[in-house]
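# Chains, contacts and geometry: an overview
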Amino acid sequence: MEKKQRLGALAFLPLVIFLGLYVGCGLTFTLMGTESPFSQFPRHVALLFGIVSILFLAPEVKFSDKLDIFCESMGNSGVMQIVMIYLLAGGFQGAAAAMGGKDSVINLCLHFIPVSLLVPGVFLICCLISTAIGTSMGTIAAMAPVALGVASGAGLNLAIVGAAVIGGSYFGDNLSMISDTTISAAKGCGSEMKDKFQMNFLIALPAALMAMLVYAILGGKGSGEISAGSYDIVRVVPYITVLVAAMSGIQVFVVLFIGIGLTGVIGILQGTIGIFEWVQAIGNGMSDMFSISIVAILISGIIGIVRYFGGVEWLVETISSRIKSRRGAEYGIGLLSGILSAALVNNTIGIIVTCPMAKEIGEKYGIAPKRLASLVDIFACAFLAVMPHDGGMMIVAEMAGVSPVSVMAHSYYMFFLIIATCITIHFGLMQTKEEKSGILSAGQKK
């Protein structure tokens, strides 16, 4: 393979074309009042145009070499795991609905939880689960089928419920002591885990409380008079099992396999579904996830091209070169982490790439490692959570049958989190005594 080419900003061309066509056309058709505006220019077709543009990047590089890079990136372990989660979550959703579990869990919730509190309740539950298991994708996979099913039965706005699921899921991803983002940020910036957690918590808690308040006010009361029907507690067992198993820290693949198995056992024993009907329901649920699975794989290929042609290096150099003060340093570190996370569609990788630069800048401007770790993690999670091509956003939008932009519009927690963080940066809040006195030296972990 020929020597790497550094194309700078041009390396992002395939990603920009994809987002420009998909999001741009979606917003245009939304303003025109077209039904299903984001389906007018399908994601995978927009991706195809982005992929075609790879042909024109660095013409001196053989097309076969570019194709090798693209295909190797498509098949990396991370994206394959995400695809498996998509398929299993879809299979569970289809099987649970076919055996009567979806109707039972909806009616059970409507019996005991006021419709007006369903949205803030979903957000809170997702916060607790994600903090316990340390993964946003695992929380979304476990909660989305339940939350969206209940919301649909209650006549609530599915976009706002989907946003609550994503926001709550990223709350724990950003805070949990076992989250890969927390570990990567703390270790990469030279901070103790508990110190980074404390710094993050003081910013995330007010944002979460504000989000719960807004969800309680704007969550809605459903369409008309909602009457809860009958439910069979046994049919709710798969959902309860999935949530409890997820909170216990069991791997999400195992959790979903268990859930799918239970829907079959219960449905067949109760006579609500036959074995082949159950198998077909799993297949139909998985089929519903084929489109976003292909999108995730193709996006991963494009990201590989962006990295190969020096897009990441260009972004790091561009942002770091404009930093002139401590306030600018904190904004720059946050922006770098957020943009990398969104561009690479992976907050952990965005954090890993950002941390060495953040540590160097922090030493220059006297910023404590725990503050650096907090900024890097917060911006990486917040930016990625509202991206239309993020895995969590795609799975929620697919299950809810709504556009990513409509979900993004209700992502109140992510907006409040960014606002709260920017307030601490702008007014110089949350500085340690060592930072304020200017005696923090390189290597001190305060």
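All of the points below concern the structure found in this document. (Residues numbered from 1 in each chain as written. Predicted model: local features only at pLDDT ≥ 70, side-chain atom pairs only at ≥ 80, totals over all residues. Heavy atoms only, no water.)

### Some thoughts on the overall build of the protein chain
- Broken down by element type, the protein chain carries 22 helices and zero strands.
- In terms of overall size, the protein chain behaves like a compact globule, its C-alpha atoms giving a radius of gyration of 23 Å where 446 residues would be expected to give roughly 22 Å.
- Each of the three principal axes of the protein chain carries a C-alpha extent, and together these read 65 × 55 × 45 Å.
- Within the span of the protein chain, comprising 446 residues, buried residues form 54% of the whole.
- Intrachain contacts of the protein chain at a sequence separation of at least 6 include 81% that bridge at least 24 residues.
- Element-wise, carbon and sulfur atoms account for 66% of the exposed surface of the protein chain, whose accessible area totals about 18300 Å².
- Positive and negative side-chain charges of the protein chain, numbering 25 and 25 respectively, have mean locations separated by a distance of 11 Å. (Helix = DSSP H or I, 4+ residues; strand = E, 2+ residues; numbered from the N terminus. Rg over C-alpha atoms; globule rule 2.2 N^0.38 Å. Buried < 20%, exposed > 50% of the residue type's maximum accessible area, 1.4 Å probe, protein only. Contact = heavy atoms within 4.5 Å. Areas by Shrake-Rupley, 256 points an atom, 1.4 Å probe, with all protein chains shown as cover. Lys, Arg positive; Asp, Glu negative; His and termini not counted. Charge placed at Lys NZ, Arg CZ, Asp CG, Glu CD.)

### What about the nonpolar core?
- Judged by nonpolar contacts, the single largest core of 129 residues is most densely connected at Tyr-215, Ile-395, Tyr-413 and Leu-417.
- Top contributing element to this core by residue count: helix α7 (residues 136-154), with 12 residues.
- When residues no more than four places from it in sequence are discounted, the contact partners of Ile-395 are Tyr-86, Ala-89, Ile-140, Met-289 and Ile-292.
- In terms of nonpolar packing, the next biggest core, distinct from the first, is built from 14 residues, Ile-333, Ile-351, Ala-358 and Val-376 among them. (Core = buried A, V, L, I, M, F, W, Y, C linked by side-chain atoms within 4.5 Å.)

### With respect to the environment of Ala-159
- Mapped onto the elements, Ala-159 comes out in helix α8 (residues 158-175).
- Look at Ala-159 and you get buried, because its relative accessible area is 4%.
- As for Ala-159 and Met-32, which are separated by 127 residues in sequence, their C-alpha atoms are 20 Å apart.
- Not counting the four nearest positions on each side in its chain, Ala-159 is found in contact with Val-402, Ser-406, Val-407 and His-410.

### Examining helix α13 (residues 275-287)
- Taking 1.5 Å per residue as the helical rise, α13 with its 13 residues ought to reach 18 Å, and the 18 Å between its terminal C-alpha atoms agrees with that figure.
- Looking only at α13, the buried set comprises Trp-278, Ala-281, Ile-282 and Gly-285. The buried residues of α13 occupy an angular sector of 100 degrees when the element is viewed end-on, so they sit on one face. For α13, the exposed residues lying more than 90 degrees away from the buried face are Phe-276, Gln-280 and Asn-284.
- Of the surrounding elements, those touching the buried residues of α13 are α4 (77-98) and α12 (252-270). (Expected span 1.5 Å × (residues − 1). Arc of directions from axis to C-beta.)

### Here we look at the state of the cysteines
- Scanning the model with the defined rule gives zero disulfides in all.
- The thiol of Cys-381 is unpaired, and the distance to the nearest cysteine sulfur, on Cys-355, comes to 12 Å. (Disulfide = S-S within 2.5 Å.)

### Some remarks on the packing of aromatic side chains
- In the structure shown here, the tally under the stated rule is 11 aromatic pairs.
- Seen in terms of ring centroids, Phe-123 and Tyr-413 are 5.7 Å apart; in terms of plane orientation they differ by 55 degrees. Their pairing is tilted. Of this pair, Phe-123 sits in helix α6 (residues 118-133) while Tyr-413 sits in helix α21 (residues 412-426); the two residues are 290 residues apart in sequence, bridging distant segments of the chain.
- Since its relative accessible area comes to 0%, Phe-123 is described here as buried. (Phe/Tyr/Trp six-rings, centres within 6.5 Å; stacked < 30°, edge-to-face > 60°.)

### Section: the environment of Phe-276
- Mapped onto the elements of the fold, Phe-276 is located in helix α13.
- Taking the relative accessible area as the measure of exposure, Phe-276 reaches 63% and is therefore exposed.
- Sequence-wise, Phe-276 and Val-105 are 171 residues apart; in three dimensions their C-alpha atoms are separated by 23 Å.

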